Amino acid sequence: MNKKVYFFIYLVLLFPSLLLAQGENFIWINGTGNWSDTLHWYSESGGLPGELDNVVFNNGSFSEKNQVVTIDIPAACHNMTWSNSNMEPVLAGSGKLEIGGVLTLANDLTIDYTGDIRFTGVGSDHTLNTAGRTFKSNIEFDGLFAWNLSDILHTENKTITLTSGTLNLNGNSMSCGAFQSLTTDARSLNCASTAITIHGNNGSWKVNSSLGLNATGSNLIFDNPNLVSQVTFEGGSLVYGNVAFMNDALIKGSNKYGDLFLKADILINYRAAKPRP
């Protein structure tokens, strides 16, 4: 049992009300504006949403197309829900965003937001529905339970980090500039029958042997278009499905593969894991 589990149990024993804590619904109103502006949030208590509160963007949030919600400060919420409004809203800004529950995006949402996103949560498993949207953010998963993808998880040359908890891809594709999971906390990546693409310039996959990995039937592709760069694969001496390198690569670890594909005329620098004494 890791330190985070002990800490959560300690908090629950000390403050039992945490298990029953519920926030409010904060509904975005009045179109274009900053997250920090209380005039754009409708709720019973007023003010700005916090980590226990749910934020909602719906048909009444926007009066014209392409109105912009800017996260201009560090922001937090429990659930974030965007409903299709046919108004083609835009999420922008660079303030950090922390989400403790469910994320549901809309098909007509444009994401220009570049701040870091951290998914937390200790109360239950959570669902991510990205509606096929592509993120421009570094994304971190750090909690005690699981996140379940119901759609793709794609980023533009950014890093996805699994710090703790379980990430279930459920057969949905994932792409990013880099993926890493190097902590000692309990964590698992379930990517069976999934396509994962590392497409960043000098992109990387870095995990250690304490990661629980289910990659049965998966395809991990290092699809780097830059001919002068080198990708890095630190596999943690784990068992993978099929792995393909489309450019020069540094491979570390005594990893096991289904099929290993190496494109012609690329340079492979292989470093096996050091034998245990």
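The shown structure was predicted, so the numbers you read here are calculated from the model rather than taken from an experiment.

Enquirer: What should I look at first to understand the overall build of the protein chain in this one?
Expert: Of regular secondary structure, the protein chain possesses one helix and 29 strands. Every one of the 277 residues in the protein chain was classed for burial, and the buried ones make up 44%. Summed over its atoms, the accessible surface of the protein chain is roughly 13400 Å², and 52% of this surface lies on carbon and sulfur atoms.

Enquirer: Got a minute to help me understand the sheet that holds strand β8 (residues 90-93) in this structure?
Expert: Hydrogen bonds between backbone atoms are what pair the strands of a sheet, whose relative direction is either parallel or antiparallel. Across the sheet, four strands lie side by side as β2-β5-β8-β11; this open sheet has parallel pairing. Of all strands in the sheet, those with a lone pairing partner are β2 (33-34) and β11 (110-111), marking the two edges. With two bridges joining them, β8 and β11 adopt parallel strand pairing. Bridge pairing in β11 links V90 to T110.

Enquirer: Hey, could you run me through the confidence of the model for the protein chain in this one?
Expert: When pLDDT is low, close inspection of the predicted coordinates is not appropriate. For the protein chain, per-residue confidence averages 89 on the pLDDT scale, and residues scoring 70 or more make up 87% of the total. Note on residues 5-20: pLDDT under 50 across the span, and eight contacts to partners over four residues away in sequence or across chains.

Enquirer: I would appreciate a short explanation of the sheet that holds strand β28 (residues 260-262) in the present structure.
Expert: Across the sheet, seven strands lie side by side as β14-β16-β18-β21-β24-β26-β28; this open sheet has parallel pairing. In this open sheet, the two edge strands, each paired with only one partner strand, are β14 (134-135) and β28. Of the pairings in the sheet, the one linking strand β16 (residues 153-155) to strand β18 (residues 174-176) comprises two bridges and is parallel in character. Pairing of L153 across the sheet is with M174, part of β18.

Enquirer: Any chance you could explain unusual backbone geometry here in plain terms?
Expert: A positive phi is found at N157, a non-glycine position, where the angle reads about 55°. One can find N157 in the loop between β16 and β17 (159-168). For N157, a relative accessible area of 51% gives the class exposed. For N170, which is not glycine, the phi torsion reads 55° and is therefore positive. With respect to the helices, strands and loops of the structure, N170 is situated in the loop between β17 and β18. Taking the relative accessible area as the measure of exposure, N170 reaches 49% and is therefore partly exposed.

Calculation criteria
- Residues numbered from 1 in each chain as written.
- Predicted model: local features only at pLDDT ≥ 70, side-chain atom pairs only at ≥ 80, totals over all residues.
- Heavy atoms only, no water.
- Helix = DSSP H or I, 4+ residues; strand = E, 2+ residues; numbered from the N terminus.
- Buried < 20%, exposed > 50% of the residue type's maximum accessible area, 1.4 Å probe, protein only.
- Areas by Shrake-Rupley, 256 points an atom, 1.4 Å probe, with all protein chains shown as cover.
- Pairing = 2+ DSSP bridges.
- pLDDT = per-residue confidence, 0-100.
- Contact = heavy atoms within 4.5 Å.

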